[in-house]
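Summary of structural features
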Amino acid sequence: MTAYFPAARLRRAAFIGVLCAGLAVTGTGCGDDPDEGTNGVGRLTADKIEAKAKAAAGEAESVHLSGTLVSGGKAFTVDMRLKSDGGSGEVKSKDDTFQLLRVGEQLYLKASAAFWGQTDSAGKLGDKYVKVPEGDPSYKQFRGFTDMDVLLDGLLGLEGKLTKGSYTKVGHTRAVQVAADEGKGGKLSVSLEGTPYPLLMERAGGAGRVELAEWGKPFQLDPPAQDQTVDYGSQLPTTKGEGGEPAPATSKGSGQGANPTKP
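Residues numbered from 1 in each chain as written. Predicted model: local features only at pLDDT ≥ 70, side-chain atom pairs only at ≥ 80, totals over all residues. Heavy atoms only, no water.

Let us now look at helix 5 (residues 148-155). Every buried residue of helix 5 is listed here: Met-148, Leu-151, Leu-152 and Leu-155. Down the axis of helix 5, the buried side of the element spans an arc of 95 degrees, and every buried residue falls inside it. Facing away from the buried side of helix 5 by over 90 degrees, the exposed positions are Asp-149 and Asp-153. On its buried face, helix 5 sits against helix 2 (46-59), strand 1 (62-71), strand 2 (74-83), strand 10 (198-202) and strand 11 (208-213). Near the N-terminus of helix 5, the side chain that reaches the backbone nitrogen of Asp-149, with its oxygen 3.1 Å away, is that of Asp-147. (Buried < 20%, exposed > 50% of the residue type's maximum accessible area, 1.4 Å probe, protein only. Helix = DSSP H or I, 4+ residues; strand = E, 2+ residues; numbered from the N terminus. Arc of directions from axis to C-beta. Contact = heavy atoms within 4.5 Å. Polar contact = N/O pair within 3.5 Å; in protein donor to acceptor, adjacent residues only side chain to side chain.)

On to the pattern of salt bridges. Under the criterion given, the structure shown has ten salt bridges. Salt bridges linked by common partners bring Asp-33, Asp-35 and Arg-43 together as one network. (Salt bridge = Lys/Arg side-chain N within 4 Å of Asp/Glu carboxyl O.)

Below, the discussion takes up the sheet that holds strand 2. Taken together, the twelve strands give an open sheet; going across it, the order is 7-8-9-10-11-1-2-3-4-5-6-12, and neighbouring strands pair in mixed fashion. Pairing within the sheet leaves two strands with one partner each, and these edge strands are strand 7 (162-170) and strand 12 (229-230). As defined by bridge partners, strand 3 (residues 86-92) adjoins strand 4 (residues 97-103) across seven bridges and the pair is classed as antiparallel. The partner of Glu-90 across the bridge, within strand 4, is Gln-99. Seen against the sheet, helix 2 touches strand 7, strand 8 (173-180), strand 9 (187-191) and strand 10 and runs at an angle of roughly 55 degrees to strand 7. Contacts from helix 5 reach strand 1, strand 2, strand 10 and strand 11 within the one sheet, and its direction differs from that of strand 1 by about 55 degrees. (Pairing = 2+ DSSP bridges. Axes fitted to C-alpha atoms, helices over the stretch in contact; angles between N-to-C directions.)

Moving on, we get to the environment of Trp-116. Inspection of the secondary structure puts Trp-116 in the loop between strand 5 (106-111) and helix 3 (122-125). A relative accessible area of 0% places Trp-116 in the buried class. C-alpha of Trp-116 to C-alpha of Leu-236: the two residues are 120 residues apart in sequence and 9.7 Å apart in space.

One face of the sheet, then the other: side chains in a regular strand alternate in exactly this way. Judged from the seven bridges that link them, strand 7 and strand 8 form a sheet pairing that is antiparallel. Within strand 8, the residue paired with Tyr-167 across the bridge is Val-176. Taking the residues between adjacent antiparallel strands as the criterion, strand 7 and strand 8 are bridged by two residues, where Gly-171 takes a positive phi near 70 degrees. The pairing of strand 8 with strand 9 spans five bridges and is antiparallel.

The next subject is the layout of surface pockets. When its volume is computed, the second largest pocket comes out at roughly 190 Å³. Forming the walls of the second largest pocket are Val-170, Gly-171, Thr-173, Ser-191, Tyr-197, Leu-199, Glu-211, Leu-212, Ala-213, Glu-214 and Trp-215. With three residues, the single largest contributor to the lining of the second largest pocket is strand 11. For the lining of the second largest pocket, a count of residues per class yields six nonpolar, three polar and two charged. (1 Å grid on protein atoms, 1.4 Å probe; cavity = no way out; pocket = protein on both sides within 12 Å on 5 of 7 lines; lining within 4 Å. Points joined across faces, edges and corners; volume = space filled by probe spheres on them. Nonpolar A, V, L, I, M, F, W, Y, C, P; charged D, E, K, R; others polar.)

Take a look at the structure:
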């Protein structure tokens, strides 16, 4: 007995086949499992995805953090490599650019002569690594940019009810997005490949957008060469403030407070 297929059914089957083929080209497929080949976090609820990402970040030994932060009404561009015992990199604001290096508890600041303002030693300090004394008021402020725990704790905070978004890519890595309060409380993209590390944080209220990469990648931290280092003693130099009163030379570039991720 010969099977009989109505023409309409054949046309419908052909249409579905063509549609699926077209979708497969874009990586969606038809009937494919979107979680196939992933680490499986995309199957979890939004709250569990966030928890997994925070746990992964907390166990990581290092990270490369780059992007923008808004703190105290000021915008900073940061490019820092961080690990538990220190960090190094560059911070830029509208007015200043400076480099930070921390090895253990010893913190160094490198900036142009203009950064040091009207200090008598500005010419000698420009483009040198200046030791920041732990007793100086600016120590905690600058140290915050080199503290992996401080930065991650401040960055990876979503505010509001969490919802799971669509799958996306951060660079070449597949990720799933978690949004808080429909995006108004921030958005976090979490890796679907390997360890579920946070890959991109878009902070609430437009307070910055930061990429997190090179998780766990080792790097060397060494103090600067002695001939490139200036030790100014127990306090950084001061510049003349309004009315002729001394003012911290770093006040212009250190409005971020002890936690630079806090808006």
